[in-house]
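# Coordinate inspection notes
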Amino acid sequence: MEKRTFLKTTSATVIGSLLTPLAACHSSTEQQNQEVLSQEARKNWAGNLTYSTDKLYEVQNVEELQQTIRSLDKIKALGTRHCFNNIADSKANQVSLQQLKQIRLDEKANTVYVEAGVNYGELSTYLHERGYALHNLASLPHISVAGACATATHGSGVNNGNLPTAVNSIEMIKADGELLKLSREADGDTFQGAIVNLGALGIVTQLGLDIQPTFDMRQDIYLSLPVSQLKENFEEIMSSGYSVSLFTDWQSDKVNQVWIKRKIENMPDGPAEPEFYEARLADRDVHPIIEISAENCTRQMGVAGPWYARMPHFRMNFTPSSGKELQTEFFVPKQHALEAFLSIQALKDQIGPILMISEIRTIAADTYWMSPCYRQECVAFHFTWEQETEKLQQLLPALEESLQPYDARPHWGKVFRMSAARLASLYERMPDFIKLVKEYDPEGKFRNAYLEQYIFGNVKA
């Protein structure tokens, strides 16, 4: 792929084009569990991973899923395929949850119940039409709610926890086919271990999420923020809106862009200040990579709109990318953010040739055992790379080594090289999580190469 074609719009198609449609596969009516055999190799969204099995089961409801799980020795759930590593891969069987689309609103409990096939775009429009909102969203609305929560995916905001912090209940099917229900109120520490579950405990069928009254937002973009200003005013800059993101290519003494998303109640309609810590206000909508058209980005220039049409960077009704990219992300405790920034910038000559863009975001602390933000406020350094796998694998050890002094934790669904021993040293509740996995899945039905390498790789037999 040519340099700087990141998130290039290929057509104004809806989200279905992101996924290999099951309609393109053929079902075997002879098998009770509707095994679907792909006519061609199935890949993840980015195209960097070919799944290791051609056996994909499609289920229509929870009962079918229970039956399928009971009948198989090994199985992994497959969502919107937006992970860049083999976390959802299986050499045996996969199951698609795309038909589990029910959404149920409980206004008395301020909760929405969402089945595992629902993505954030679908959920957000449903909620807004009924006068409700979520506390946060990721950059893309096309990802599944269940998959995002299982991997601790996040948006930005110094006071905003990651997406799973909205979860107040979870339902999953364990290895024996039993439907397990856990809640924040009733299940205490076990609940904290089950939310960011990496697909290891069972297959999630439904989540209950906290909701709040709907609200409007605006976003304003500033260009060319001096790094000197970032050093002196990091907390103020990252706290200047409800959600703030920095975009940089690390190649100069300027941060390319500052995206500030504010609630209208905190900043009404009207022009924003022309300067922000010496950065200048953009005079048009822009893409994170300035040379690319902003037509698939959410509206900017201070134009008011509903929360779900401003918090993500990209619009729901556009295909956000052809997918030909790789992503890496590291979470650093917020007190080390500036040191980590400078350590990364020192590698700019190595980073530059394969980097498309980097994004820097803040995430509040949470209490989930396997969350990178467990009991610590974090700053996340995200990298979108050209699909140069070999070059990235050569670069990652140097990048991870530069961040090691700051106890950087990788995003579970993106590309990293960190060892199981290092991960175990970073997650104090890892032993408890492993114990919970063995309790729920004693025979390893949901284990795959990813879990064996990164979770069980440091466990002595």
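Bear in mind that the values here come from a model prediction, so they are computed numbers and not experimental data.

Analysis parameters
- Residues numbered from 1 in each chain as written.
- Predicted model: local features only at pLDDT ≥ 70, side-chain atom pairs only at ≥ 80, totals over all residues.
- Heavy atoms only, no water.
- Helix = DSSP H or I, 4+ residues; strand = E, 2+ residues; numbered from the N terminus.
- Buried < 20%, exposed > 50% of the residue type's maximum accessible area, 1.4 Å probe, protein only.
- Contact = heavy atoms within 4.5 Å.
- Phe/Tyr/Trp six-rings, centres within 6.5 Å; stacked < 30°, edge-to-face > 60°.
- Lys NZ or Arg CZ within 6 Å of the ring centre and 35° of its normal.
- Disulfide = S-S within 2.5 Å.
- Core = buried A, V, L, I, M, F, W, Y, C linked by side-chain atoms within 4.5 Å.
- pLDDT = per-residue confidence, 0-100.
- Polar contact = N/O pair within 3.5 Å; in protein donor to acceptor, adjacent residues only side chain to side chain.
- Pairing = 2+ DSSP bridges.
- Axes fitted to C-alpha atoms, helices over the stretch in contact; angles between N-to-C directions.

Right, let's talk about the overall build of the protein for a bit. Looking only at helices and strands, one finds 11 helices and 22 strands in the protein. When each of the 461 residues of the protein is scored for burial, the buried share is 61%. Considering only intrachain contacts with a sequence separation of at least 6, the fraction spanning at least 24 residues in the protein is 72%.

For any pair of aromatic rings, geometry is given as the distance between the ring centres together with the angle between the planes. Summed over the entire model, instances satisfying the criterion amount to 15 aromatic pairs. Centre to centre, the rings of Tyr222 and Phe276 are 5.2 Å apart; their planes meet at 35°, and the pair counts as tilted. Separated by 54 residues along the polypeptide, Tyr222 in strand β13 (residues 216–226) and Phe276 in strand β16 (residues 275–276) bring together distant segments of the chain. As far as burial versus exposure is concerned, Tyr222 and Phe276 are alike and both buried. Linked through ring pairs, Trp250, Phe341, Phe381, Phe383 and Trp385 together constitute an aromatic cluster. Positioned above the aromatic ring of Tyr126 is the side chain of Arg130, whose terminal nitrogen or guanidinium carbon lies 3.7 Å from the ring centre.

Scanning all chains against the criterion turns up 0 disulfides. The structure places no disulfide on Cys378, whose sulfur is separated from the nearest cysteine sulfur, that of Cys373, by 3.7 Å.

Looking now at the nonpolar core. One finds Leu209, Met370, Phe381, Phe383, Trp385 and Ile455 to be the most contacted residues of the largest nonpolar core, which totals 123 residues. If you tally residues by element for this core, the top one is helix α10 (residues 430–440), at 6 residues. Other than its neighbours up to four places away in sequence, Leu209 contacts Asn110, Thr111, Val112, Val114, Leu123, Leu134, Val145, Ala166, Val167 and Asn168.

This part covers the confidence of the model for the protein. For the protein, mean pLDDT is 91; residues scoring 70 or higher make up 90% of the total. Segment residues 1–35: pLDDT under 50, and 88 contacts once partners within four positions in sequence are set aside and those in other chains are kept.

This part takes up helix α2 (residues 120–129). Regarding α2, the residues found buried are Tyr120, Gly121, Leu123, Ser124, Tyr126 and Leu127. The secondary structure elements touched by the buried residues of α2 are β6 (103–106), β7 (111–115), β8 (132–133), α3 (145–150) and β11 (203–210). The residue sitting at the N-terminus of α2 and contributing the capping side-chain oxygen is Asn119; that oxygen lies 3.0 Å from the backbone nitrogen of Gly121. Once α2 finishes, Gly131 follows within two positions and takes phi at roughly 90°, a positive value.

Once that is clear, we can look at the sheet that holds β7. Spatially, 5 strands are ordered β6-β7-β11-β9-β10 in an open sheet, and the strand pairing comes out antiparallel. For this open sheet the edge positions go to β6 and β10 (179–183), each flanked by a neighbour on one side alone. Taken over all neighbouring pairs, the strand axes of this sheet differ in orientation by 15° on average, direction set aside. In this sheet, β7 lies alongside β6 in antiparallel orientation, the contact comprising 4 bridges. Paired with Leu105 across the strands is Val112, a residue of β7. This element, helix α4 (residues 184–194), spans β9 (167–173), β10 and β11 of the sheet and lies at about 105° to β10.

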